[in-house]
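# A look at the structure
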Amino acid sequence: MRAVLLMMWLLHWLPLPVLGRLGAGVGSILFSLIRKRRHITLTNLRLCLPHLSEAERVRIARQHFQMYARSVLERGILWWASEPRLKRLIQVEPAVPLDVIQQEPTILMCPHFVCLDVAGVAVMLESSLCSIYTEQRNKVFDLALRRGRSRFRPVKLFSRADGVKPIIRAMHEGLPYFMLPDMDFGAKNAEFVPFFGVPAATLTALPRLAASTGAKVVPVIATMLPDYRGWKVTFHPPWENYPGADITAATRQMNAFIEQEILKAPAEYFWAHKRFKTRPEGEASLY
């Protein structure tokens, strides 16, 4: 792992167009070699984008592997590049919502697009934050990841096992909560809510936390700019009157928003994750 991190550090000095093309090449190779993840990706695309031809879905799947590999290599830039370089490469639209963050508890809802770490960096260039963190098995990589995610400002990272109370305390201390709510963590604290028309075990944590704290929910989407020019981080307007009285409807609103954003950049969503791993009782595995 130390050798891998040294390689990432060396590569981060390359111009982004060179590093990006290298990552895309690695992704193409991985698409051919990693049959299991290719199968998961194509299964998700068949379920979520049935209107496309199989050839179109294969094209998107290959692009997804390319962009995912790019995001891994380009993470070295996020971890070690200078602040001026990052600000040149990260296009923020319209701006980090510091006015919202400073006025009231805020949840930055960031779906799993491949370069979501760029969104975290865009925030940390302007503000501290708190988030859930999964400890990595490799201690060397875990330390590098923690340092990379807290290099500009202090960041509070909590384990999922810590529960919600430390998050609420941090939010009341003025830290926005950087939340990634769109993965399948099982049936606990989740409801089966449609995702592209397919029942998906979806955490209800976003609307429940917004309801209990009175927090504003600000969606954040990170995507790649064309021609290897960098990344775009879009902060959408806060959702009004969210979550309302119906938690299930509020969870569906979240999924519908993510669907809408995926269709804008379909290759950049994290399709290699088993989004439909948990099934309603009696249903067979989709994978």
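Our structure's up above, just so we're on the same page.
Worth saying up front: this structure is predicted, and the values here are computed from it rather than measured.

Rules of the game
- Residues numbered from 1 in each chain as written.
- Predicted model: local features only at pLDDT ≥ 70, side-chain atom pairs only at ≥ 80, totals over all residues.
- Heavy atoms only, no water.
- Helix = DSSP H or I, 4+ residues; strand = E, 2+ residues; numbered from the N terminus.
- Rg over C-alpha atoms; globule rule 2.2 N^0.38 Å.
- Buried < 20%, exposed > 50% of the residue type's maximum accessible area, 1.4 Å probe, protein only.
- Contact = heavy atoms within 4.5 Å.
- Lys, Arg positive; Asp, Glu negative; His and termini not counted.
- Charge placed at Lys NZ, Arg CZ, Asp CG, Glu CD.
- Pairing = 2+ DSSP bridges.
- Axes fitted to C-alpha atoms, helices over the stretch in contact; angles between N-to-C directions.
- Phe/Tyr/Trp six-rings, centres within 6.5 Å; stacked < 30°, edge-to-face > 60°.
- Lys NZ or Arg CZ within 6 Å of the ring centre and 35° of its normal.
- Parallel < 35°, antiparallel > 145°, perpendicular 65-115°, else oblique.
- Nonpolar A, V, L, I, M, F, W, Y, C, P; charged D, E, K, R; others polar.
- Core = buried A, V, L, I, M, F, W, Y, C linked by side-chain atoms within 4.5 Å.
- Polar contact = N/O pair within 3.5 Å; in protein donor to acceptor, adjacent residues only side chain to side chain.
- Patch = residues over 30% accessible without salt bridge, like charges linked within 9 Å, V, L, I, M, F, W, Y side chains within 5 Å.
- Areas by Shrake-Rupley, 256 points an atom, 1.4 Å probe, with all protein chains shown as cover.
- Salt bridge = Lys/Arg side-chain N within 4 Å of Asp/Glu carboxyl O.

Turning next to the overall build of the chain. Per the secondary structure count, the chain includes eleven helices and nine strands. Computed over C-alpha atoms, the radius of gyration of the chain comes to 19 Å, within 12% of the 19 Å expected from 2.2 N^0.38 for 287 residues, which places it in the range of a compact globule. Burial statistics for the chain: of 287 residues in total, 52% are counted as buried. Counted over contacts in the chain with a minimum sequence separation of 6, partners at least 24 positions apart contribute 76%. Positive and negative side-chain charges of the chain, numbering 37 and 24 respectively, have mean locations separated by a distance of 8 Å.

The next subject is the sheet that holds strand E1 (residues 90-93). Read across the open sheet, the seven strands follow the order E1-E9-E8-E2-E5-E3-E4; overall the sheet is mixed. Every other strand in the sheet has two partners, leaving E1 and strand E4 (155-158) as the edge strands with one partner each. This sheet shows a mean twist of 25 degrees between the axes of neighbouring strands, independent of strand direction. Judged from the three bridges that link them, strand E2 (residues 106-109) and strand E5 (residues 177-179) form a sheet pairing that is parallel. Among the inter-strand pairings, Leu108 is bridged to a residue of E5, identified as Phe178. Most of the contacts of helix H10 (residues 205-213) go to E2, to which it runs at about 165 degrees, and overall it touches E2, E5 and strand E8 (216-224).

This brings us to the packing of aromatic side chains. This structure, assessed with the given rule, holds 13 aromatic pairs. With 5.5 Å between their ring centres and 20 degrees between their planes, Tyr68 and Phe270 make a pair best called stacked. Within this pair, whereas Tyr68 is found in helix H4 (residues 54-80), its partner Phe270 is found in the segment after helix H11 (247-262), the two being separated by 202 residues in sequence. Its relative accessible area of 37% is what places Tyr68 among the partly exposed residues. Chaining the aromatic ring pairs together yields one cluster made of Phe113, Phe195, Phe196, Tyr269, Trp271 and Phe276. Lying across the ring of Phe185, Arg160 places its NZ or CZ 4.1 Å from the centre. Positioned above the aromatic ring of Phe195 is the side chain of Arg275, whose terminal nitrogen or guanidinium carbon lies 5.4 Å from the ring centre.

Attention now moves to the packing of helix H1 (residues 2-11) against H4. The interhelical angle for the contact between H1 and H4, taken along N-to-C directions, is 75 degrees, at an axis separation of 8 Å. Compared by their axis directions, H1 and H4 come out roughly perpendicular. Taken together, the residues of H4 that come into contact with H1 (itself represented by Leu5, Met8, Trp9 and Leu11) are Val72, Leu73, Arg75, Gly76, Trp79 and Trp80. By residue class, the composition of the contact of H1 with H4 is eight nonpolar, one polar and one charged.

On to the pairing of E8, then. Buried residues dominate E8, accounting for eight of its nine residues. Looking at chain direction, E2 and E8 are connected through four bridges and run parallel. Within E8, the position partnered with Ile107 by the bridge is Val217. Taken together, E8 and the strand that follows it, strand E9 (residues 231-235), pair antiparallel across an intervening segment of six residues, in which Asp227 is found at a positive phi of about 60 degrees.

Our focus in this paragraph is the nonpolar core. Core analysis: the biggest nonpolar cluster contains 85 residues, and Ile107, Tyr177, Phe195, Leu206, Trp231 and Val233 have the highest contact counts within it. Here this core gets eight residues from one element, more than from any other, and that element is H4.

This part takes up the side chain of Thr202. With respect to the secondary-structure elements, Thr202 resides in strand E7 (residues 198-203). Taking the relative accessible area as the measure of exposure, Thr202 reaches 0% and is therefore buried. One polar contact links Thr202 to Arg275, side chain to side chain, over a distance of 3.2 Å. When sequence neighbours within four positions are dropped, the list of residues in contact with Thr202 reads Asn189, Ala190, Glu191, Val193, Thr251, Met254, Asn255 and Arg275.

A contiguous nonpolar patch, built from Leu22, Val26, Ile29, Leu30, Leu33 and Ile34 and spanning about 480 Å² of accessible area, is present on the exposed surface. Mapped onto the elements, Ile29 comes out in helix H2 (residues 16-33).

Before going further, it helps to spend a moment on helix H7 (residues 116-124). Counted residue by residue, H7 has nine buried out of nine residues, so it is predominantly covered. Buried within H7 are the following residues: Leu116, Asp117, Val118, Ala119, Gly120, Val121, Ala122, Val123 and Met124.

Relative to the elements of secondary structure, Glu268 occurs in the segment after H11. Within the buried set, Glu268 has no salt-bridge partner at all; the shortest N-O distance to an opposite charge, 7.1 Å, is to Arg70. When residues no more than four places from it in sequence are discounted, the contact partners of Glu268 are Met67, His112, Phe113, Val114, Cys115, Ala222, Thr223 and Met224.

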